Amino acid sequence: MTDLTNRLRGSALTDRPSGTAPPPQASRRRRWSVGWTRSAVKHLSLCLLALVMLYPVLWMVVSSLRPNNEIFRRPGLVLESLQTQNYADGWEALASPFGHYLFNSAIVVLGCIIGNLVSCSMAAYAFARLEFTGKRMWFAIMLGTIMLPIHVIIVPQYIFFSQLDWINTFLPLIVPKLLATDAFFVFLMVQFIRGLPRELDEAARIDGCGHWRIFLQIILPLMKPALATTVIFTFIWTWNDFFSQLIYLTDPDLYTVPVALRSFVDSTVATSWGSMFAMSVVSLMPVFLAFLLGQRYLVKGIATTGGK
Amino acid sequence: MSALGDLRRIKGSTRGSPQKRDNRTALAFLLPWFAGLGLITIGPIVASLVLGFTDYNLIQPPKFNGVDNFTRMLSDERLHQALGVTFTYVMVSVPLQLACALALAMLLDRGLRGLAFYRSAFYLPSLLGSSVAIAVLWRQIFGAEGLVNQLLALVGIEGRGWISDPSTALSTLIVLNVWTFGAPMIIFLAGLRQIPIMYYEAAAVDGASKWIMFWRVTLPLLSPIIFFNLVLQIIHAFQSFTQAFVVSGGSGGPSDSTLFYTLYLYHRGFNSFDMGYASALAWLLLMIIAALTAVNFWAAKYWVFYDD
């Protein structure tokens, strides 16, 4: 169907009014074969480009399965024998087995997801459905904080958390999410709730529901797609986040995956790239899985709000 | 609908002024957000403004030192280096990244078979790009014996240590940022889809070539989206930290050639615990980003086209 419209468009572009048109049958066949060649060339170059884009990552995966000395000699992707020694070495290379850091990351990620889901959906309901004094101003402030770089506030934030004695706990990473500081998700959910028919709220209100019941029993179940987008983005961003985890976690026992990986790099400069690659691949696996499972939500989330 | 609205008004009036009631409910829904705004966002911004005028090392109480921190900036050569590196990085990598994003979005537009596959392949680097694992990979790829030099050797070119050479180290980070063009590409794709096909049909009737159509139809109608991407990516590029930190082993080297502003801020604040100066640096960053965004909005009047 889309092919057809495309071809129609194509013919609209090339057809010019002229007296000496060849018989329609022949011209259609020629045009079709020209179109076919062009689309074949296009697909070939797109595939090639996709390969170039993904080549470094593919090569890292392949190299992690090769003996260490081959990493500096084999630019290709062909794997002759499957070697899992790098994974075994890398897993045990740091003070704790790598699973420990995966577990720490999982705790932080889980806390952030719950925090964002609860606090951002509440704030979004207020902005989308309630009338209150200064609503426009507060909404503008909320939008402004989306753009605010964390580096601007990290110094006093660090002082504040160190006075609470929260350095080397997961609290500085999780508590801000419980307070809806990821305004990006508030905005995403506001946009979504605005798209839900108000008649539903009205009907519920006539039946005697208050705002809390409308929120919990009507709006929340209907905004599952927005919640799913929030879960996936929070997962990937928190999993990849390095800056705040580097600053707040200095006790090796509390290291999350990015911080552990970085200490791995610093402790083994250019000696065991194989095991470093292996652990890098391990650390990227969850992101890749989240990407596979949540592609639909990711694409929609970016297209509507311009996230990363 | 209007009947429902009337009913609501009646029902509301029996319970006192609806305006007042909503205020209290809104406060409850927004409580986490307000707490976060005060404690995690605005509080620290104000605090860092105050700390910017002090000498503070976390142990002794802050000592007021007037504008010392700001006069120190004027003669701080590493700061000037950091500003130079960051501006070069932003001004080179953002336009390149957006150009790639737009070019690919044009190729992928409308009715291409396998669109979902290509979109995913080009988008994946955006999700992985900010991770420590990819920075580790980059360190190998552009190392003296890395993948790039292995591939160059295949065609007989002798490479160099791209990362250990101060004249090329920043370029490897620029390549990394351009590599993550997938997110703006998806925003462009959504934008392209909103251009009514009839504009192209009308242009075709007038005998416009594809090139003319790109300049006269696509670009003007897409300019609001280009503007949106530009603002977003500039702010985002200013905050780059992980890649430079891991690739340079935390130092911003060789000879400060990858010393991003955020990296310098990190060194001052969290290595030297020079919190007063770091707060002043954070404010300078906020001012720079705000000024650049303001310039962007001002310039937008001259090139962004709103179709209404």
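All of these numbers come straight from a predicted model, not from anything done at the bench.

A. View of the overall build of chain B. Scanning chain B from terminus to terminus reveals 14 helices and two strands. Counting over 308 residues, chain B shows a buried share of 54%. Here the contacts in chain B between residues at least 6 apart in sequence split such that 68% fall between residues at least 24 apart.

B. Representation of the UniProt feature "transmembrane region" (unreviewed entry) in chain A within the structure. Following the UniProt record, one finds the feature "transmembrane region" (unreviewed entry) at residues 40-62, 101-127, 139-161, 173-193, 214-239 and 273-293 of chain A. Taken end to end, residues 273-293 of chain A is 100% helix and 0% strand, and its two terminal C-alpha atoms sit 30 Å from one another.

C. Spatial organisation of the confidence of the model for chain A. For chain A, mean pLDDT is 85; residues scoring 70 or higher make up 87% of the total. Contacts from residues 1-24 of chain A, a stretch scored under 50 in pLDDT, to residues over four places away or in other chains number 16 contacts.

D. Layout of the UniProt feature "transmembrane region" (unreviewed entry) in chain B. Residue and element names in this part refer to chain B. Under the local residue numbering, the UniProt record ascribes the feature "transmembrane region" (unreviewed entry) to residues 27-53, 82-108, 120-141, 169-192, 213-238 and 278-299. In the segment residues 27-53, helix accounts for 93% and strand for 0%; the C-alpha atoms at its two ends are 35 Å apart. Secondary structure within residues 213-238 divides into 100% helix and 0% strand; the distance between the first and last C-alpha atoms comes to 34 Å.

E. Broad picture of unusual backbone geometry. All names here are of chain A. Phi at aspartate 165 is positive, roughly 65°, even though this residue is not glycine. Checked against the element boundaries, aspartate 165 lands in the loop between helix 6 (150-163) and helix 7 (171-178). A relative accessible area of 63% means that aspartate 165 is categorised as exposed. At alanine 180, a residue that is not glycine, the phi angle is positive and equals roughly 55°. Tracing the backbone through its elements, the reader meets alanine 180 in the loop between helix 7 and helix 8 (183-194).

F. Up close: the side chain of threonine 230 of chain A. All names here are of chain A. Positionally, threonine 230 belongs in helix 11 (residues 224-240). Overall, threonine 230 belongs to the buried group, its relative accessible area being 1%. Setting aside anything within four residues of it in sequence, one finds threonine 230 in contact with Asn116, Leu117, Phe185, Leu188 and Met189.

G. Main features of the interface of chain A and chain B. With 98 residues of chain A at the contact, the number on the chain B side is 98 residues. Approximately 9,100 Å² of surface area, both sides summed, lies buried where chain A meets chain B, with 76% of it carried by carbon and sulfur atoms. Our count for the chain A to chain B interface comes out at zero salt bridges. At the boundary of chain A with chain B, the tally comes to 10 residue pairs in polar contact (both at pLDDT 80 or more). When residues in the side of chain A that touches chain B are grouped by element, the largest group, 15 residues, is from helix 14 (residues 273-305) of chain A. Here the residues of the side of chain A that touches chain B are counted per class, giving 67 nonpolar, 19 polar and 12 charged.

H. Main features of the pattern of salt bridges. Residues and elements named next belong to chain B. As enumerated under the stated definition, the model contains eight salt bridges over all chains in all. The salt bridge partner of aspartate 256 is arginine 78, with a shortest N-O separation of 3.0 Å. Here aspartate 256 is found in the loop between helix 12 (242-247) and helix 13 (261-271), whereas its partner arginine 78 is found in helix 4 (residues 77-108), with 178 residues between them in sequence. A salt bridge links aspartate 274 to arginine 268, with the shortest nitrogen-to-oxygen separation between them at 3.7 Å.

I. Inspection of the packing of aromatic side chains at higher detail. All names here are of chain B. For the structure on display, the rule yields 47 aromatic pairs over all chains. Centre to centre, the rings of phenylalanine 87 and phenylalanine 238 are 5.5 Å apart; their planes meet at 90°, and the pair counts as edge-to-face. Of this pair, phenylalanine 87 sits in helix 4 while phenylalanine 238 sits in helix 11 (residues 210-238); the two residues are 151 residues apart in sequence, bridging distant segments of the chain. Overall, phenylalanine 87 belongs to the partly exposed group, its relative accessible area being 29%. Aromatic side chains tryptophan 298 and tyrosine 302 sit 5.4 Å apart centroid to centroid with 65° between the ring planes, which places their arrangement in the edge-to-face category. Taken together, the residues tryptophan 298 and tyrosine 302, both in helix 14 (residues 275-303) and four residues apart, mark about one turn of the helix.

J. Just a nonpolar patch on the surface, in detail. Residue and element names in this part refer to chain A. On the surface, Phe288, Leu289, Leu292 and Leu293 cluster together into a nonpolar patch covering about 410 Å² of accessible area. The topology assignment puts leucine 293 in helix 14. A residue is classified by how much of its surface remains accessible, and leucine 293, at 76% relative accessible area, is exposed.

K. Region of the structure containing the nonpolar core. Phe127 and Val186 of chain A together with Leu108, Phe122, Tyr123, Ile134 and Met185 of chain B are the most contacted members of the largest nonpolar core, which totals 194 residues. Counting residues per element, this core draws most heavily on helix 4 (residues 98-129) of chain A, at 15 residues. Once you skip the residues sitting within four places of it in the chain, leucine 108 of chain B turns out to touch Leu46 of chain A together with Leu115, Tyr118, Arg119, Phe122, Met185 and Leu189 of chain B.

L. Region of interest: helix 8 (residues 169-179) of chain B. Taken across its 11 residues, helix 8 of chain B has nine buried, putting it largely inside the fold. Three or more residues of helix 8 of chain B are buried, namely Ala169, Leu170, Thr172, Leu173, Ile174, Leu176, Asn177, Val178 and Trp179 of chain B.

M. Local environment of the side chain of threonine 293 of chain B. Its place among the elements puts threonine 293 of chain B in helix 14. In this view, threonine 293 of chain B contacts Val231 and Ile235 of chain B; residues no more than four positions away in its chain are not counted.

N. Quick look at the packing of helix 4 of chain B against helix 8 of chain B. All names here are of chain B. Relative orientation of the contacting elements helix 4 and helix 8 amounts to 35°, with a least axis distance of 9 Å. For the pair helix 4 and helix 8, the crossing hand works out as right-handed. Residue-level inspection shows Val85, Thr88, Tyr89, Val92, Ser93, Leu96, Gln97 and Cys100 of helix 4 in contact with helix 8, the latter providing Leu170, Leu173, Ile174, Asn177 and Val178. Here the contact of helix 4 with helix 8 is composed, by residue class, of nine nonpolar, four polar and no charged.

Thresholds, definitions, all that
- Residues numbered from 1 in each chain as written.
- Chains lettered and ligands numbered in written order.
- Predicted model: local features only at pLDDT ≥ 70, side-chain atom pairs only at ≥ 80, totals over all residues.
- Heavy atoms only, no water.
- Helix = DSSP H or I, 4+ residues; strand = E, 2+ residues; numbered from the N terminus.
- Buried < 20%, exposed > 50% of the residue type's maximum accessible area, 1.4 Å probe, protein only.
- Contact = heavy atoms within 4.5 Å.
- UniProt positions renumbered as here; feature names shortened; annotations may be inferred.
- pLDDT = per-residue confidence, 0-100.
- Buried area = accessible area lost by both parts, 1.4 Å probe.
- Salt bridge = Lys/Arg side-chain N within 4 Å of Asp/Glu carboxyl O.
- Polar contact = N/O pair within 3.5 Å; in protein donor to acceptor, adjacent residues only side chain to side chain.
- Nonpolar A, V, L, I, M, F, W, Y, C, P; charged D, E, K, R; others polar.
- Phe/Tyr/Trp six-rings, centres within 6.5 Å; stacked < 30°, edge-to-face > 60°.
- Patch = residues over 30% accessible without salt bridge, like charges linked within 9 Å, V, L, I, M, F, W, Y side chains within 5 Å.
- Areas by Shrake-Rupley, 256 points an atom, 1.4 Å probe, with all protein chains shown as cover.
- Core = buried A, V, L, I, M, F, W, Y, C linked by side-chain atoms within 4.5 Å.
- Axes fitted to C-alpha atoms, helices over the stretch in contact; angles between N-to-C directions.
- Left-handed = near helix turned anticlockwise from the far one by under 90°.

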